[in-house]
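This is what each chain is made of:
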Amino acid sequence: MSATKDLTRGKPMSLILGFGVPLLFGFLFQQFYNLADTAIVGRFLGSDALAAVGSTGSVNFLIIGFVMGICNGFAIPVAQMFGANDWKQLRRYVTNSVWLCIFFSIVITTLTLIFCSDILTLMKTNEETFDRAHTYIFTIFAGIPGYFLYNMTAGILRSLGDSKTPVKWLVIASIINIVLDIVFIVMFHLDVFGAALATVIAQFISGFGCLFKIFNSYALLKPEKEEWKLSSRHVANLCTMGLPMGLQYSITAIGGVVLQAAVNQLGTDSVAAITAANKLSMFVCCPFDAMGSTMATYAGQNVGAQKWDRLNKGLGACIILGAVYSVFAFIVMFFFGDNLAMVFLDESSRYLQPLIQEFLTILSAFYFTLAIVNIVRFFIQGMGFPPIATFAGILEMFGRGAIAYLVGIFGFTAACFASPAAWILADAFLIPAYFVCRKKLLKKYGVEKVQKEV
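Asks: Honestly, the overall build of the protein in this entry has me stumped. Any pointers?
Replies: Within the protein, the secondary structure is distributed over 17 helices and 0 strands. Relative to the 2.2 N^0.38 estimate, which gives 22 Å for 454 residues, the radius of gyration of the protein is 21 Å and therefore close to what a compact globule would have. Across its three principal axes, the protein shows a C-alpha extent of roughly 60 × 45 × 35 Å. Within the protein, the fraction of its 454 residues that count as buried is 61%. Long-range contacts, defined here as pairs at least 24 residues apart, represent 84% of the contacts in the protein between residues at least 6 apart. When the accessible area of the protein is evaluated, it comes to approximately 18,100 Å², of which 69% is carbon and sulfur surface. Each charge class in the protein was averaged separately, 31 positive and 25 negative side chains, and the resulting centres sit 16 Å apart.

Asks: What should I look at first to understand the packing of aromatic side chains in this one?
Replies: The geometry of two aromatic rings is summed up by the distance between their centres and the angle between their planes. The tally for this structure, following the rule as stated, stands at 16 aromatic pairs. When the centroid spacing of 5.8 Å and the interplanar angle of 65° are considered together, the rings of F288 and Y367 count as edge-to-face. Of the two residues, F288 is situated in helix α11 (residues 286-304) and Y367 in helix α14 (residues 367-383); the sequence distance between them amounts to 79 residues. Exposure remark for Y367: the relative accessible area of 0% places this residue in the buried category. Each member of the aromatic cluster is reached from another via a ring pair, and the members are F288, Y325, F328, Y367 and W423.

Asks: For this particular structure, what's the right way to read a nonpolar patch on the surface?
Replies: A surface patch of nonpolar side chains, about 570 Å² in accessible area, is lined by F44, I178, I182, V186, M187 and F188. At 4 residues, the largest contribution of residues to the nonpolar patch is made by helix α7 (residues 164-187).

Asks: Explanation requested: the pattern of salt bridges in the structure shown.
Replies: Side chains that carry opposite charge are capable of pairing whenever their charged atoms lie near each other. On inspection of all chains with the given rule, the structure shows 7 salt bridges. Two residues, D6 and R9, come together in a salt bridge whose shortest N-O distance is 2.5 Å. Since its relative accessible area comes to 30%, D6 is described here as partly exposed. With relative accessibility at 56%, the residue R9 sits in the exposed group. Within this structure, K88, R91 and E227 form a network of salt bridges that share partners.

Asks: Any chance you could explain the environment of C101 here in plain terms?
Replies: With respect to the helices, strands and loops of the structure, C101 is situated in helix α4 (residues 87-122). Separated by 11 residues in sequence, C101 and T112 have C-alpha atoms that sit 16 Å apart. When residues no more than four places from it in sequence are discounted, the contact partners of C101 are C71, F74, F148 and M152.

Asks: What should I look at first to understand the packing of helix α10 (residues 268-284) against helix α12 (residues 309-341) in this one?
Replies: When two helices pack together, you describe them by how their axes are tilted relative to each other and by the distance separating the axes. Packing of α10 against α12 brings their axes to within 11 Å, and their N-to-C directions diverge by 145°. The interaxial crossing formed by α10 with α12 has right-handed handedness. Facing A276, L280, S281 and V284 of α10, the residues of α12 in contact are Y325, A329, M333, G337, L340 and A341. Along the lines of polarity and charge, the residues of the contact of α10 with α12 split into 8 nonpolar, 2 polar and no charged.

Asks: In this structure, what is going on with the nonpolar core? I would like to understand it.
Replies: As a rule of thumb, soluble globular proteins bury nonpolar side chains together. Membership of the largest hydrophobic core comes to 77 residues, with the highest contact counts inside it found for I356, Y367, F379, I380 and M383. If you tally residues by element for this core, the top one is α14, at 10 residues. The contacts of F379, once residues within four sequence positions are left out, are M295, Y298, A299, L311, L315 and Y434. Core analysis: the next-biggest nonpolar cluster, separate from the first, contains 60 residues, I70, V98, I140 and F148 among them.

Asks: What should I look at first to understand the side chain of N72 in this one?
Replies: Mapping N72 onto the fold places it in helix α3 (residues 57-83). Beyond its immediate chain neighbours, meaning those up to four positions away, N72 contacts R158, M245, Y249 and F378.

Asks: I would appreciate a short explanation of the packing of helix α15 (residues 386-410) against helix α17 (residues 418-444) in the present structure.
Replies: It is at 7 Å that the axes of α15 and α17 come closest, and there the two elements cross at 160°. Taken as axis vectors, α15 and α17 run roughly antiparallel relative to one another. For the pair α15 and α17, the crossing hand works out as right-handed. In this structure, α15 contributes I388, A389, F391, A392, L395, E396, G399, R400 and I403 to the contact, and α17 contributes A418, S419, A421, A422, W423, L425, A426, F429, L430, A433 and C437. Within the contact of α15 with α17, the residues separate by chemical class into 16 nonpolar, 2 polar and 2 charged.

Asks: Quick question: what am I supposed to make of unusual backbone geometry here?
Replies: Generally, phi is negative for residues other than glycine and the peptide bonds are trans, each holding for most cases. The backbone phi angle of N85 is positive, close to 60°, even though this residue is not glycine. Position of N85 relative to the elements: it lies in the loop between α3 and α4. Positive phi is not limited to glycine here, since Q306 has a value of about 60°. One can find Q306 in the loop between α11 and α12. Among the residues examined, Q306 registers a relative accessible area of 41% and is labelled partly exposed.

Cut-offs applied
- Residues numbered from 1 in each chain as written.
- Predicted model: local features only at pLDDT ≥ 70, side-chain atom pairs only at ≥ 80, totals over all residues.
- Heavy atoms only, no water.
- Helix = DSSP H or I, 4+ residues; strand = E, 2+ residues; numbered from the N terminus.
- Rg over C-alpha atoms; globule rule 2.2 N^0.38 Å.
- Buried < 20%, exposed > 50% of the residue type's maximum accessible area, 1.4 Å probe, protein only.
- Contact = heavy atoms within 4.5 Å.
- Areas by Shrake-Rupley, 256 points an atom, 1.4 Å probe, with all protein chains shown as cover.
- Lys, Arg positive; Asp, Glu negative; His and termini not counted.
- Charge placed at Lys NZ, Arg CZ, Asp CG, Glu CD.
- Phe/Tyr/Trp six-rings, centres within 6.5 Å; stacked < 30°, edge-to-face > 60°.
- Patch = residues over 30% accessible without salt bridge, like charges linked within 9 Å, V, L, I, M, F, W, Y side chains within 5 Å.
- Salt bridge = Lys/Arg side-chain N within 4 Å of Asp/Glu carboxyl O.
- Axes fitted to C-alpha atoms, helices over the stretch in contact; angles between N-to-C directions.
- Left-handed = near helix turned anticlockwise from the far one by under 90°.
- Nonpolar A, V, L, I, M, F, W, Y, C, P; charged D, E, K, R; others polar.
- Core = buried A, V, L, I, M, F, W, Y, C linked by side-chain atoms within 4.5 Å.
- Parallel < 35°, antiparallel > 145°, perpendicular 65-115°, else oblique.

As structure tokens, then:
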């Protein structure tokens, strides 16, 4: 248990930084998977290949986001049992999570492979990029079990406060990913298939690495034979936590799919520019993702330990961090964004820089609203209210869907405001929702007055 981290004791700001910084490096290296694919595809295969890969981005997030969401949801009861020091129940949740992940990986992989072509057709993928887009996303979908393996094992480790092990294996996997990208694309000329194959292999490696750590370093996670039996109560609770979180990611992505279909009709240049800009933005936004995941574990452990006074303290501390970083990120994107995004394009595509800069300037001006979305939503989920947080995803979907309609009228500039509109709508719901959820939680546990921690 030496690698575990108890977030129920100590100053929230210090704990959040100590837990979140390793997570941040994890998210950064996870982005390297995508960054390596995009940079090498853009540099060695050209903007048409980049557009093909980019046109699958929203459907990629639709499916892989669902996988990430349900695995993160499965980790919430584990974090709560860790905070409550209930090791038997903790193991029951872990074993039932394994069975559920096996089931969902088989079902989702099968369905996505069968309907892959139909999905791209519904998205109005350009004819000139369709074959490449299909090859790329079909290969990614075939690797869905690897995404389940990593996200399940990493979620369990983070629930115990171990945010370092997932990072360690992501670093190793990201290096392998970059090497394989070069080998498959430059040496073996496997085109976009090579980029996707490299990503899938790297994902499996990171997953098996985390699994190895669980088997060899955490005695408290080693279940007895009877603890491997399916439990309807534990399965129901895991699904109550996991499915809403998975749907939240997917519902949010549906708006992205609708928007992507609208952008696809603007032409290859617009798709390539937004693809490059979004890849850079996703990298810059990794700290917001780390804050969200940190808040889920922080809330889960403190609810399990019934440390009610620490909820507001932790939330406030993380919001301050989000505000400071948002200002820094805007400055970087405003002054250097267009040049940084060129890492994903060859020199012949430099004419796309004005479009890239317009997109990044507008997007980064609203980064603080994104920070609030991640921090508060994951905090609510960690408290045990995933269905409440899922509604924010519905609002994001409507926001992006509305802007998708305006893209046909106002063109590229309208697409730049899609994510900001989604974030603002989500925040308008999440901020008051947190106070409602906290009140319900206190009432559930019969707490009339919160005692301040000394």
